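# Remarks on the overall topology
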Amino acid sequence: MSLREEKASEMFECSEKERALFEAGIKMGTIYHQFVGTPVSSRNISELEKAMEASVSVQPFVESVRIKINISGKGGKDTYDYVSLRGEMIDAILKIRINGVSVTAEMRYNEELDYPLMYVSGISL
């Protein structure tokens, strides 16, 4: 552990598991709130997915991140045909690792709730 991380860790009055969960929540919030509203079409969807992944992957403790955007065939017919990214279009899987603790968090649109739900799908110690 670097001196910088040691100093940061001193600020957390919680277990490594709780910190990993906290970090996963921060990253999921970043995915949603930083990118919702971004113009997207079939012409730039893969570039936007990669940009979102790259943005999150440089944050502390991110082991992996995968973003898929579903615009359901909208956008791309011509110059004026695009949509604004909405939460229900984002499918994200994120893995955080702090020492021996690994947390997997996901964001998926839940039809029953009519909501882009962010949730913890796995914890391993």
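Above this text you will find the structure in question.
Here's a quick rundown of the structure. Keep in mind that what you see is a predicted model, and the values were worked out from it rather than measured. (Residues numbered from 1 in each chain as written. Predicted model: local features only at pLDDT ≥ 70, side-chain atom pairs only at ≥ 80, totals over all residues. Heavy atoms only, no water.)

## Focus: the sheet that holds strand S6 (residues 115–124)
Inclusion rule: Only strands that DSSP links by at least two bridges are regarded as paired with each other. Helix numbering and strand numbering both begin at the N terminus, where a helix is a DSSP run of H or I of at least 4 residues and a strand a DSSP run of E of at least 2. What counts as an axis is a line fitted to C-alpha atoms, over the stretch in contact for a helix, and the angles between N-to-C directions run from 0 to 180 degrees. Should any heavy atoms of two residues lie within 4.5 Å, those residues are counted as being in contact.
With antiparallel pairing, the four strands of this open sheet are ordered in space as S2-S4-S5-S6. Where the open sheet ends on each side, the last strands, each with one partner, are strand S2 (62–69) and S6. Shown here is a sheet whose adjacent strand axes are inclined to one another by a mean of 10 degrees, direction ignored. Along the sheet, helix H2 (residues 16–35) contacts S2, strand S4 (90–98), strand S5 (101–110) and S6; its crossing angle with S4, the most-contacted strand, is approximately 150 degrees. Here helix H3 (residues 45–57) sits on the sheet in contact with S2 and S4, set at roughly 155 degrees to S2.

## Regarding the pattern of salt bridges
The cut-off we apply is this: Salt bridges are defined by distance alone: a side-chain nitrogen of Lys or Arg within 4 Å of a carboxyl oxygen of Asp or Glu.
By the definition in use, this model includes seven salt bridges. Within the structure, one salt-bridge network assembled from shared partners comprises Glu5, Arg19, Glu23 and Lys27.

## Let's talk about the pairing of S5
Let me state the cut-off plainly: The cut-offs for exposure are 20% and 50% of the maximum accessible area for each residue type, with area from a 1.4 Å probe on protein chains only; residues under the lower value are buried, those over the upper are exposed, and the others partly exposed.
By the criterion of burial, S5 is predominantly enclosed, with seven of the ten residues buried. Alignment of S4 against S5, held across seven bridges, turns out to be antiparallel. Residue Ile93 lies in a different strand from S5, and its bridge partner there is Glu106. Remark: two residues form the turn of the hairpin made by S4 and S5, two consecutive strands paired antiparallel; Asn99 in that turn has positive phi of roughly 50 degrees. Relative to S6, S5 runs antiparallel, the two sharing nine bridges. Paired with Met107 across the bridge in S6 is Met118. Count of turn residues in the S5/S6 antiparallel hairpin: four residues, of which Asp114 carries a positive phi of about 55 degrees.

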